[in-house]
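Fold and contact review
Okay, here's what each chain looks like letter by letter:
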Amino acid sequence: MRKFLIDTDTASDDAVALLMAHRWPDVQVEAITIVSGNVPVEQGAKNALYTVQMCGASTPVYLGCPKPMLRPCQYAQWFHGEDGMGNMHYPEPQAKPQLAHGVDIIIDTIKTNPKEITLVTLGPLTNIAIALLRAPEIASLVKRCVIMGGAANVVGNVTPAAEYNIWVDPDAAKIVFHSGMPMEMVGWELSRGEAALLPDEIAQIKNLGTDIARFAVDCNARA
């Protein structure tokens, strides 16, 4: 089994990523840590917990940093809705966030599983940067770090040059990209063009008739 640790500012797109990770047969999601980004961390945790519940899983969710390292919060409710889930306003999840801090969990999980953790970042890199500042040795213990963020070969989605996740906390991004972790950047350019579902493809997904299929489409309807 591949061990994932997912750091996310859970809105609708990240919810689909969480669905995919939990449904993939050879992936074990060890923990989910929440960072400020699309929505405040408390709402991000609710969204993550509800998504995990939809999967019938019990992955622990931990609140992380409530704001970027040096800059004010820049939420994205203008894109993802007030709740981050397309204004679907799903009911409260049955589970609650764990009491430990997300940064502590990142450090502890990587140290407990040396060279085994695939670190997946779906939001701003604040939690990861703080973890690296506190325990720089974890950079060499991560098996693989996959970063959803950046705009290397395309215009940004918040400014002509910047992609949202990096733009929210560029100070954290600098720390992470210079950390020496074995990392791959999945940039904004891979979320455009052929990556976008067409209306008939969306209809095919909804026609599967499952709760998860409806959830994946409905929470992204606003986006």
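Counting restarts for each chain, with residues numbered from 1 along the sequence as it is written. For this predicted model, a pLDDT threshold of at least 70 governs which residues receive local features, and a threshold of 80 or more governs which side-chain atom pairs are given and counted, while totals over whole chains, interfaces and linings are taken from all residues. By convention in this description, side-chain values take in all heavy atoms of the structure and omit both hydrogens and water.

**Describing the pairing of strand S1 (residues 2–8)**
Remark: a regular strand shows side chains that alternate across the two faces of the sheet. Only protein chains enter the accessibility calculation, which uses a 1.4 Å probe; a residue whose area is less than 20% of its type maximum is buried, one above 50% is exposed, and one in between is partly exposed. Only DSSP runs of H or I with at least four residues qualify as helices, and only runs of E with at least two residues qualify as strands; both kinds are numbered from the N terminus onward. Among the 7 residues that make up S1, 5 are buried, leaving the element largely enclosed by the rest of the structure. Pairing between strands is defined by DSSP: at least two bridges between the two strands are required. Relative to strand S2 (residues 27–34), S1 is paired through 7 bridges, and the arrangement is parallel. Residue Asp 7 lies in a different strand from S2, and its bridge partner there is Thr 33. Look down the strands so they point away from you; if the path from the first strand over the helix to the second goes clockwise, the crossover is right-handed. In this region the chain leaves S1, passes through helix H1 (residues 12–23) and returns to the parallel neighbour S2; the handedness of that crossover is right-handed. Where S1 lies against strand S4 (residues 117–121), 5 bridges are found, and the strand directions are parallel. By the bridge assignment, Lys 3 is partnered in S4 with Ile 117.

**Topic: the packing of aromatic side chains**
The rule is short: rings of Phe, Tyr and Trp, with Trp giving its six-membered ring, pair when the centres are within 6.5 Å, and they are stacked under 30 degrees, edge-to-face over 60, tilted in between. All chains considered together, the criterion is met by 5 aromatic pairs. Measuring from centroid to centroid gives 6.2 Å for Tyr 164 and Trp 167, while their planes differ by 45°, and the two rings are tilted. In this pair, Tyr 164 and Trp 167 are both assigned in helix H6 (residues 164–168), 3 residues apart and thus about one turn of the helix distant. Site record: aromatic cluster; members linked through ring pairs are Tyr 50, Tyr 90 and Phe 215.

**Describing the UniProt feature "domain: Inosine/uridine-preferring nucleoside hydrolase" (unreviewed entry) in the chain**
In the numbering adopted here, UniProt assigns the feature "domain: Inosine/uridine-preferring nucleoside hydrolase" (unreviewed entry) to residues 5–218. Counting secondary structure, residues 5–218 comes out at 37% helix and 14% strand; the distance between its end C-alpha atoms is 26 Å. UniProt positions are given in the numbering used here, feature names are shortened, and annotations may be inferred rather than shown by experiment.

**Describing the environment of Glu 82**
Looking at the secondary structure, you find Glu 82 in the loop between helix H3 (77–80) and helix H4 (102–112). For the pair formed by Glu 82 and Gln 43, sequence separation is 39 residues and the distance between their alpha carbons is 9.5 Å. Here, residues are in contact when the closest pair of their heavy atoms is within 4.5 Å. Once residues lying within four places of it in the same chain are set aside, the contact partners of Glu 82 are Val 39, Gln 77, Asn 87 and His 89.

**Considerations on the environment of Lys 111**
Tracing the sequence through the fold places Lys 111 in helix H4. Here the alpha-carbon distance between Lys 111 and Ala 135, two residues 24 residues apart in the chain, equals 9.6 Å. In this view, Lys 111 contacts Ala 135, Glu 137, Ile 138 and Leu 141; residues no more than four positions away in its chain are not counted.

**Digging into the side chain of Asn 127**
Considering the arrangement of structural elements, one finds Asn 127 in helix H5 (residues 126–134). Within the structure, Asn 127 has its side chain in polar contact with the backbone nitrogen of Cys 65 (distance 2.7 Å). Sequence-distant contacts of Asn 127, defined by excluding residues within four places in its chain, comprise Asp 7, Thr 33, Ile 34, Val 35, Gly 64, Cys 65, Val 103 and Ile 106. We define a polar contact as two N or O atoms separated by no more than 3.5 Å, with the added condition that, inside protein, one atom must be a possible hydrogen donor and the other a possible acceptor, whereas residues neighbouring each other in sequence contribute only through side-chain atom pairs.

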